[in-house]
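# Structural features, examined
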Amino acid sequence: MTEIILRRPDDWHVHLRDDAMLAAVLPFTARQFGRAIVMPNLAEPVTTPALAADYRHRILQALPDGKEYEHFEPLMTCYLTDETDAGQIEKGYTDSVFAAAKLYPANVTTNSTNGVTDITSLEPVFAKMQEMGMPLLLHGEVTDPEVDIFDREAVYIEHVLSQLIKEFPQLKIVMEHVTTKDAVEFVRAHRDQMAATITAHHLIINRSDIFEGGITPHRYCLPIAKREVHRLALREAVTSGDSCFFLGTDTAPHPVSDKEAACGCAGIFTAVNALELYTQVFEEENALDNLEGFAALHGPAFYGMDTNEGAVTLVKKDWRVPGTIAVPDGSSVRPFRAGRTLNWKMKD
Ligand code: NCD
Ligand code: ZN
């Protein structure tokens, strides 16, 4: 096969940031994807419908003119805190400002200090979301420093998520950026109410790759990549055609100086080459026929939205991933697989 035409895909988990970084990264996401679920973990988190509407406006302002971007629609999410009010959630969702709400356990990842410390404080919010059919997006890791970093997702499933789905058996839940076989099995077992996004990088690297030839900060993200057995389980999940798994890149740009630091930030930047990375994985697994379902059909079905009208074309062609992308404030970001050759390229 030398050319693939896909219904235009969506990215169900994106960090677009703000200001100069937003301007630098947005065009990459917008040219590939019809819609993007935009994460609310800005320095000032997006906790209200008014903040989400403002942020959405800034995103649309930052979108360059041009036919290749005009299909793009940002879908906004609400950052949940211990204080989130069920009335605000209801208003944001019924006014179509919020597409979903995101739960970060406090201090689990970048800009999550205002996250949730006591999940029971959100019971009225979950009850309202369940009633409205509004999806809850979970960063599914425990934050207890006693729990080994490689076990935090599995422990979250056992101790938090199992309880949550018992209490709210109709709440629609997306476990974001799953990294383990445990999560794949759990999501499948609860598919009547659950789905999961899977990143390209977790399909490509395992935990050893973070240390290949020395410590590689550009392969560090949260949840951290796990053992090979887990990477293989993720590859099976996405290529199986199973509708409870869909595309969410978790592209999470940080300036190179914040990554290559004594205490480097978590986040892998895949917006530049997301679709090509996924395509390569599906080809390696002889499953190109299932790429469109994963990238363009399963996500809208779970969210209760229409599929996109347009299409994208990928051609079999070698190209080199750029080493860095300039940010208008003088910093730069480094794409995942920078300097390497990929063998699929999205046509402009
Ligand atoms: C994300 C970020 O930088 O905002 N980082 C990451 O490693 N994935 C936050 C997140 O999704 O955990
Ligand atoms: Zn993320």
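The coordinates are above.
Read on for a plain summary of the structure. (Residues numbered from 1 in each chain as written. Chains lettered and ligands numbered in written order. Predicted model: local features only at pLDDT ≥ 70, side-chain atom pairs only at ≥ 80, totals over all residues. Heavy atoms only, no water.)

### Remarks on the overall build of the protein
When you go through the protein residue by residue, the secondary structure sums to 11 helices and 13 strands. In terms of overall size, the protein behaves like a compact globule, its C-alpha atoms giving a radius of gyration of 19 Å where 348 residues would be expected to give roughly 20 Å. With the C-alpha coordinates of the protein rotated into their principal frame, the extents come out at 50 × 45 × 40 Å. When each of the 348 residues of the protein is scored for burial, the buried share is 58%. Of the contacts formed within the protein by residues at least 6 apart in sequence, a portion of 73% connects residues at least 24 apart. (Helix = DSSP H or I, 4+ residues; strand = E, 2+ residues; numbered from the N terminus. Rg over C-alpha atoms; globule rule 2.2 N^0.38 Å. Buried < 20%, exposed > 50% of the residue type's maximum accessible area, 1.4 Å probe, protein only. Contact = heavy atoms within 4.5 Å.)

### Thoughts on the coordination of the zinc ion (ligand 2)
Protein-derived coordination of the zinc ion (ligand 2) comes from His13 (NE2), His15 (NE2) and Asp250 (OD), at a distance range of 2.0 to 2.1 Å. Positions of the donor residues of the zinc ion (ligand 2), expressed as sequence spacing, correspond to H-x1-H-x234-D. With His15 in the loop between strand E2 (11–14) and helix H1 (19–32) and Asp250 in the loop between strand E9 (245–247) and helix H9 (256–259), this residue pair connects regions lying 235 residues apart in the sequence. What makes Asp250 buried here is its relative accessible area of 5%. (Donors = N, O, S within 2.8 Å, 3.2 Å for Na, K, Ca; no water.)

### As for the site of ligand 1
Lining the immediate surroundings of ligand 1 are 15 residues, of which Arg17, Thr109, Leu222, Asp250 and His254 lie closest. One nitrogen or oxygen atom from the main chain of Leu222 is found 2.8 Å from an oxygen atom belonging to ligand 1. Gly267 places a main-chain nitrogen or oxygen 3.1 Å from an oxygen atom of ligand 1. About the coverage of ligand 1: the protein hides 100% of its 310 Å² of free accessible area. Judged by the proximity of its atoms to the pocket grid, ligand 1 belongs to the largest cavity. Of the residues contributing to the shell around ligand 1, the split by class is four nonpolar, nine polar and two charged. (Near = heavy atom within 4 Å. Polar contact = N/O pair within 3.5 Å; in protein donor to acceptor, adjacent residues only side chain to side chain. Areas by Shrake-Rupley, 256 points an atom, 1.4 Å probe, with all protein chains shown as cover. 1 Å grid on protein atoms, 1.4 Å probe; cavity = no way out; pocket = protein on both sides within 12 Å on 5 of 7 lines; lining within 4 Å. Sits in = over half its atoms within 2 Å of the grid points. Nonpolar A, V, L, I, M, F, W, Y, C, P; charged D, E, K, R; others polar.)

### Quick look at the sheet that holds strand E13 (residues 341–346)
Pairing is antiparallel across the open sheet formed by three strands, whose spatial order is E1-E10-E13. Only two strands of the sheet have a single partner each, and these edge strands are strand E1 (3–7) and E13. Going from strand to strand, the sheet's axes swing by 35° on average, the running direction of each strand aside. As judged from the five bridges shared by E1 and strand E10 (residues 311–320), these two strands associate in the antiparallel manner. Within E10, the residue paired with Arg7 across the bridge is Ala311. (Pairing = 2+ DSSP bridges. Axes fitted to C-alpha atoms, helices over the stretch in contact; angles between N-to-C directions.)

### Some remarks on the side chain of Asp242
Mapped onto the fold, Asp242 is located in the loop between helix H8 (228–239) and E9. Looking at Asp242, its side chain comes within polar contact range of the side chain of Arg188, at 2.7 Å. A polar atom in the side chain of Asp242 sits 2.7 Å from the side chain of Arg191. The residues contacting Asp242, other than those within four sequence positions of it, are Arg188, Arg191, Ala237 and His298.

### Topic: the sheet that holds strand E5 (residues 98–103)
Taken together, eight strands build an open sheet; the order of strands is E2-E3-E4-E5-E6-E7-E8-E9 and the sheet is parallel. The open sheet terminates on both sides in strands that have one partner only, identified here as E2 and E9. Between one strand axis and the next, the sheet turns by 30° as a mean value, whatever way the strands run. Here E2 pairs with strand E3 (residues 35–38) via two bridges, running parallel. Considered in E3, the bridge of Asp11 is made with Ala36. In this fold helix H3 (residues 86–94) packs onto strand E4 (73–79) and E5, with an angle of close to 140° to the strand it touches most, E5. Along the sheet face, helix H5 (residues 152–167) touches E5, strand E6 (136–138), strand E7 (173–175) and strand E8 (194–198) and points at about 180° away from the line of E7.

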